[in-house]
Amino acid sequence: ARPAPPPPTSSLVVEGKGSAHPKIFVVKKQTFEENKAAIEAAILDGRTSLDHALAKTKPGSGTLRSVWSCHKDNDPPTAAQVDKLYDFLVAWKMSLRPGWDPNAKPAASPAKEFNSMPPILEAAKTGRSSCKQCGEKIDAGELRVGLPAFIRGSVTTAWTKAECFKGAVMVEIAPDNRSKCKASGEKIVKNEDLRVVAYVGPVSDPKSKVNYKPAFIADFLEDWMAEVSIEPSDVRGFNKLDADKQAEFIGLFEETMGEC
């Protein structure tokens, strides 16, 4: 039989992620009763959560089992003590959450809503922004390109003069599987997909870079190329593509130019 749980209290933290509660305040050399009292006190006064203590002592995956070397033949047998601590915690939660199943798989987290962040081409609304490539002020009315930039945990727009953007963008065959398109959210496949890389800051020392599948920003690229008077073949990296990928890149703009 599982050890009896303490009486319910309104002050304890039942749910809670482990990263927010790093300790459960047990000591390997202590007895089961001493460690049970330590966990109970920590949960009751809010220093850790019941869920976190359950996760730390859970059979198979609980990190306390590896910290205490439960896989080895110890004296006293620490694995048995951790089992008893887990049983105590399970009984406690079941008394607070009738119907809770300790063996049930956790519910999947809801999918995070994708926020599309394509590049922007516009006339500067004011003269307050500066070009991330050349460092000069961008005059009101001057054409500029905006890229998403992540600064101090939030997203802002980094601006580059449309002319300077020639040196900040390149096309290539994806060299790895680590990137996703910021416009569509789709994975960019290594050695298969074309990737447009746009740099925030000088290419020699960029603050960050943004990756796109060119098909999802073809309208932007076509408008920008028309404004700065270049062809798809003039985009940096184009000459390093094989003939098939060059044709694929050029074909994107032939398709958009034929649309009404």
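Higher on the page you've got the structure.
About the thresholds
- Residues numbered from 1 in each chain as written.
- Predicted model: local features only at pLDDT ≥ 70, side-chain atom pairs only at ≥ 80, totals over all residues.
- Heavy atoms only, no water.
- Helix = DSSP H or I, 4+ residues; strand = E, 2+ residues; numbered from the N terminus.
- Buried < 20%, exposed > 50% of the residue type's maximum accessible area, 1.4 Å probe, protein only.
- Contact = heavy atoms within 4.5 Å.
- Areas by Shrake-Rupley, 256 points an atom, 1.4 Å probe, with all protein chains shown as cover.
- Pairing = 2+ DSSP bridges.
- Axes fitted to C-alpha atoms, helices over the stretch in contact; angles between N-to-C directions.
- Core = buried A, V, L, I, M, F, W, Y, C linked by side-chain atoms within 4.5 Å.

**What about the overall build of the protein chain?**
1) Next: Of regular secondary structure, the protein chain possesses six helices and six strands.
2) Next: Looking at the protein chain residue by residue over its 260 residues, the buried ones come to 40%.
3) Next: Looking at the protein chain alone, contacts between residues at least 24 apart form 58% of all its contacts between residues at least 6 apart.
4) Next: Summed over all atoms, the accessible surface of the protein chain reaches about 15100 Å², with 51% contributed by carbon and sulfur.

**Some details on the sheet that holds strand β4 (residues 169-173)**
1) Next: In spatial order, the strands read β4-β5-β6; together these three strands make up an open sheet with antiparallel pairing. The open sheet terminates on both sides in strands that have one partner only, identified here as β4 and β6 (208-212). Across this sheet, the average inter-strand angle for adjacent strands is 30°, counted without regard to direction.
2) Next: By the bridge criterion, five bridges tie β4 to strand β5 (residues 194-200) in an arrangement that is antiparallel.

**Considerations on the nonpolar core**
Nonpolar side chains in soluble globular proteins tend to end up buried together.
1) Next: One finds F165, V171, V196, Y212, L221, W224 and F249 to be the most contacted residues of the largest nonpolar core, which totals 33 residues.
2) Next: Put simply, the parts of the chain that give this core at least two residues each are β2 (143-151), β4, β5, β6, α5 (218-228) and α6 (243-257).
3) Next: The element that contributes the greatest number of residues to this core is α5, accounting for six residues.
4) Next: Dropping the residues within four chain positions of it, V196 is found in contact with V169, M170, V171, V210, N211, Y212, P214, I217, L221 and F249.
5) Next: Grouped together as the second largest cluster of nonpolar side chains are 19 residues, L50, L64, L85 and L89 included.

**Quick notes on the sheet that holds strand β1 (residues 120-123)**
1) Next: If you trace the three strands from one edge of the open sheet to the other, you get β1-β2-β3, paired in antiparallel fashion. Looking at which strands have only one partner, the edges of the open sheet turn out to be β1 and β3 (154-161). Strand after strand, the sheet turns through a mean of 40° between neighbouring axes, direction not considered.
2) Next: The pairing of β1 with β2 spans four bridges and is antiparallel. By the bridge assignment, E122 is partnered in β2 with R144.
3) Next: In this fold α5 packs onto β1 and β2, with an angle of close to 40° to the strand it touches most, β1.

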